[in-house]
Amino acid sequence: LLLLSFLYDDANKVTTTTDDKDNNYNDDYEWAIFGRTLPRRGEFTNAVVMNDDDLARWEKYGTEYTRAISNVSDTAHSCNRYISDYLSLSSSLGGQTRQDGEVLSKDSAIYWAIAMVLSRSHSFGSKRGRWMTPVLDLANHCPAFMGGGRLECDDQGRLLLRAGKALACGEEVTLDYQVDNDAKLVATYGFSLEHQS
């Protein structure tokens with residue numbers, strides 16, 4: 001089990017925790033740098049943190065959007081229950097007290113963390129795992145047919161972002177998020193290529 005827990009404090013600073021004490025770098029410093037690149041609560045909206053008004057905006061585009069948003073929201077709800085049960089939360093977190101069967105509100109730190117993992121991680125071909133890779137998560141989406149890059153692994157096991165087209169000096173490097181429809185882009189990443197949000 002890999003559990004990455006981002007905790008928001010009242011000063012709107014990101015702190016991170018890890019159970020890995022065997023690494024050879026200053027974990028707190030490295031993760032704090034990455035944490036500062038993440039959007040704060042209220043600066044990002046995907047299905048995990050959508051409110052009723054956000055949902056209503058996307059419902060008008062049809063059931064495909066509603067279904068995709070519901071699927072991602074259900075995943076977040078399941079993650080929240082699993083994390084809450086795993087950590088045996090019985091105290092207050094994010095202003096909400098968890099009791100049997102109750103989950104934390106969508107403005108809690110756990111939902112923010114789930115939104116960040118779902119929107120800023122990649123599966124790199126795996127059906128079971130997801131990885132957050134600092135710097136690569138900053139690459140904007142561009143479909144492969146328009147020159148969006150892809151993630152590859154070299155012969156030494158290093159993760160590479162390979163451009164999907166020849167790039168001129170100063171041109172943006174983009175990544176194909178490998179999402180097959182616009183509704184899933186909205187639900188997972190919070191943006192649409194077909195509709196203004």
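What you see is a predicted model; the values in this text were computed from it and never measured.

K.L.:
Please clarify how the overall build of the chain should be interpreted in this entry.
P.N.:
If you tally the helices and strands in the chain, you get five helices and eight strands. The secondary structure elements of the chain, listed N-terminal to C-terminal, are β-β-α-α-α-β-β-α-β-β-β-β-α. Relative to its 197 residues, the chain shows a buried fraction of 37%. Contacts in the chain between residues far apart in sequence, at least 24 positions, make up 56% of those at least 6 positions apart.

K.L.:
Explain the environment of W131 here, please?
P.N.:
Inspection of the secondary structure assignment puts W131 in strand 6 (residues 131-132). The spatial distance from the C-alpha of W131 to the C-alpha of S121 is 5.2 Å, given a sequence separation of 10 residues.

K.L.:
Help me understand the nonpolar core, please; the structure alone is not making it clear to me.
P.N.:
It is characteristic of soluble globular proteins that their nonpolar side chains tend to be buried jointly. One finds V48, I69 and I114 to be the most contacted residues of the largest nonpolar core, which totals 25 residues. Looking at this core, the elements with two or more residues in it are helix 3 (63-86), helix 4 (109-120) and helix 5 (182-189). One finds L136, A139, L151 and L185 within the second-largest nonpolar core, a separate group that totals seven residues.

K.L.:
What am I meant to see in the confidence of the model for the chain here?
P.N.:
Chain-level pLDDT for the chain is 75 on average; 70% of the residues reach the 70-or-more range. When mean pLDDT is taken per element in the chain, helix 5 scores highest with 93 and strand 1 (residues 5-8) scores lowest with 38. Scored below 50 in pLDDT, residues 89-103 shows 25 contacts in the model against residues more than four places distant or in partner chains.

K.L.:
Any chance you could explain the pattern of salt bridges here in plain terms?
P.N.:
A side chain with one charge may pair with a side chain of the opposite charge, provided their charged atoms come close. Counted under the stated rule, the structure contains seven salt bridges. Across the pair E152 and R162 runs a salt bridge, and its minimum N-O distance is 2.7 Å. A residue pair is termed long-range when its members are at least 10 positions apart, and E152 in strand 7 (residues 150-153) and R162 in strand 8 (residues 159-162) qualify at 10 residues. For R162, a relative accessible area of 40% translates into the label partly exposed. Among the charged side chains, a network of salt bridges with common partners joins R150, E152 and R162.

K.L.:
Explain the pairing of strand 8 to me, please; I cannot follow it from the model alone.
P.N.:
Two faces, one strand: in a regular strand the side chains alternate between the faces of the sheet. Inspection of the sheet shows strand 7 paired to strand 8 by four bridges, in the antiparallel sense. In the sheet register, R150 faces strand 8, and the bridge partner there is R162. Count of turn residues in the strand 7/strand 8 antiparallel hairpin: five residues, of which G157 carries a positive phi of about 85°.

K.L.:
Quick question: what am I supposed to make of the environment of L160 here?
P.N.:
Counting through the fold element by element, L160 comes out in strand 8. Using a relative accessible area of 29% as the deciding quantity, one classes L160 as partly exposed. Sequence-distant contacts of L160, that is, excluding residues within four places in its chain, are made with R150, L151, E152 and D154.

Cut-offs applied
- Residues numbered from 1 in each chain as written.
- Predicted model: local features only at pLDDT ≥ 70, side-chain atom pairs only at ≥ 80, totals over all residues.
- Heavy atoms only, no water.
- Helix = DSSP H or I, 4+ residues; strand = E, 2+ residues; numbered from the N terminus.
- Buried < 20%, exposed > 50% of the residue type's maximum accessible area, 1.4 Å probe, protein only.
- Contact = heavy atoms within 4.5 Å.
- Core = buried A, V, L, I, M, F, W, Y, C linked by side-chain atoms within 4.5 Å.
- pLDDT = per-residue confidence, 0-100.
- Salt bridge = Lys/Arg side-chain N within 4 Å of Asp/Glu carboxyl O.
- Pairing = 2+ DSSP bridges.

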